[in-house]
Amino acid sequence: MTSADMAGIMALEQELFPEDAWTPEMFAAEFAQPPSRRLYLVAEDGGTLIGYAGMMFTGGTQSDVVTLAVNPARWGEGTGTALLTALVDEADKRGYEEVLLEVREDNPRARRLYLRHGFTEIGIRRGYYQPSGVDAVVMRKALR
Ligand SMILES: CC(C)(COP(=O)(O)OP(=O)(O)OC[C@H]1O[C@@H](n2cnc3c(N)ncnc32)[C@H](O)[C@@H]1OP(=O)(O)O)[C@@H](O)C(=O)NCCC(=O)NCCS
């Protein structure tokens, strides 16, 4: 992912996360972090952006999936799987012990994707998403 991808990403953020969309400034702050601490990827088809994902590496034992999104016109083709697999594989390669993430309680599609990829639900953060007040489900995958 580079700043050249931002227009396409902003359109998908607004469409997919109307209540919690990231701003270009939030992505810019992420790009300013050292490569050892962040990984942001895009999925493209013939030069067109169809999805993106990001991971935070804590420097300790834990890595976190911070975003994952696919253009709804392209859901069900394996792009979400490909992006998630790329992030988890990189965490594994870097020697991290676990991957964590938060997902909205009212997002069964994403929760299924994570369950299929070996994540288990380990807790609930009440009212995590604001201003909606929707709960987050915390999920974890052990890598070693
Ligand atoms: C969650 C999300 C990233 C999944 O992306 P995706 O590209 O549709 O994911 P996949 O195609 O890998 O898998 C989704 C489904 O398609 C099926 N599938 C995967 N490859 C397929 C293929 N080649 N043909 C048909 N179906 C396929 C999977 O079995 C899966 O089925 P399920 O939902 O019944 O379990 C996407 O729906 C999205 O962007 N949602 C909105 C944003 C969001 O919720 N992000 C997560 C925030 S935590």
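Here, every reference points to the structure presented above.
It should be emphasised that the depicted structure is a prediction, and the values quoted were computed from it without experimental measurement. (Residues numbered from 1 in each chain as written. Predicted model: local features only at pLDDT ≥ 70, side-chain atom pairs only at ≥ 80, totals over all residues. Heavy atoms only, no water.)

## Let's talk about the overall build of the protein
Part 1: Helix and strand content of the protein: 4 helices and 6 strands.
Part 2: Across the protein, helices and strands are ordered from the amino to the carboxyl terminus as α-α-β-β-β-α-β-α-β-β.
Part 3: A compact globule built from 144 residues should have a C-alpha radius of gyration of about 15 Å, and the protein, at 15 Å, falls within 12% of that.
Part 4: C-alpha atoms of the protein, sized along the principal axes, occupy 35 × 35 × 30 Å.
Part 5: Sequence-distant contacts, at least 24 apart, represent 55% of the contacts inside the protein between residues at least 6 apart.
Part 6: In the structure as shown, the protein presents an accessible area of about 7,600 Å², 51% of it carried by carbon and sulfur atoms. (Helix = DSSP H or I, 4+ residues; strand = E, 2+ residues; numbered from the N terminus. Rg over C-alpha atoms; globule rule 2.2 N^0.38 Å. Contact = heavy atoms within 4.5 Å. Areas by Shrake-Rupley, 256 points an atom, 1.4 Å probe, with all protein chains shown as cover.)

## Some thoughts on the side chain of Arg-104
Part 1: In this structure, Arg-104 sits in strand β4 (residues 98-104).
Part 2: When its relative accessible area of 16% is taken as the criterion, Arg-104 is described as buried.
Part 3: Here Arg-104 is in contact with Glu-19, Asp-20, Arg-111, Tyr-129, Ser-132, Val-134 and Asp-135, once residues within four sequence places are set aside. (Buried < 20%, exposed > 50% of the residue type's maximum accessible area, 1.4 Å probe, protein only.)

## Re the environment of Tyr-114
Part 1: Tracing the backbone through its elements, the reader meets Tyr-114 in helix α4 (residues 108-116).
Part 2: For the pair Tyr-114 and Ala-29, spaced 85 residues apart in sequence, the C-alpha separation works out to 27 Å.
Part 3: Apart from residues no more than four positions distant in its own chain, Tyr-114 is found in contact with Leu-68, Leu-84, Leu-101, Val-103, Phe-119 and Met-139.

## Structural notes on the packing of aromatic side chains
Part 1: The full count for this structure, using the stated rule, is 7 aromatic pairs.
Part 2: Ring geometry for Trp-22 against Phe-27: centres 4.9 Å apart, planes inclined by 55 degrees, an arrangement best described as tilted.
Part 3: On the accessibility criterion, Phe-27 (0% relative accessible area) is buried.
Part 4: With a centroid separation of 6.2 Å and an interplanar angle of 80 degrees, the aromatic rings of Phe-31 and Tyr-40 are classed as edge-to-face.
Part 5: Of the residues examined, Tyr-40 reaches a relative accessible area of 9% and is grouped as buried.
Part 6: Among the aromatic residues, ring-to-ring pairing joins Trp-22, Phe-27, Phe-31, Tyr-40 and Tyr-52 into one connected group. (Phe/Tyr/Trp six-rings, centres within 6.5 Å; stacked < 30°, edge-to-face > 60°.)

## Some thoughts on the sheet that holds strand β5 (residues 120-129)
Through backbone hydrogen bonds, the strands of a sheet pair up, either in parallel or in antiparallel fashion.
Part 1: Sheet architecture is open: 6 strands sit in the order β1-β2-β3-β4-β6-β5, paired in mixed fashion. Here the strands that pair on one side only, and so sit at the sheet edges, are β1 (38-45) and β5. Strand-to-strand, the axes of this sheet are offset by a mean angle of 25 degrees, without reference to chain direction.
Part 2: Pairing between strand β2 (residues 48-57) and strand β3 (residues 62-70): 7 bridges, direction antiparallel. Looking across to β3, one finds that Ala-53 is bridged to Leu-68.
Part 3: Relative to β2, helix α1 (residues 6-16) is tilted by about 80 degrees, and along the sheet it contacts β1, β2 and β3.
Part 4: Contacting β1, β2, β3, β4 and β6 (134-142), helix α3 (residues 79-93) crosses the sheet at an angle of about 30 degrees to β2. (Pairing = 2+ DSSP bridges. Axes fitted to C-alpha atoms, helices over the stretch in contact; angles between N-to-C directions.)

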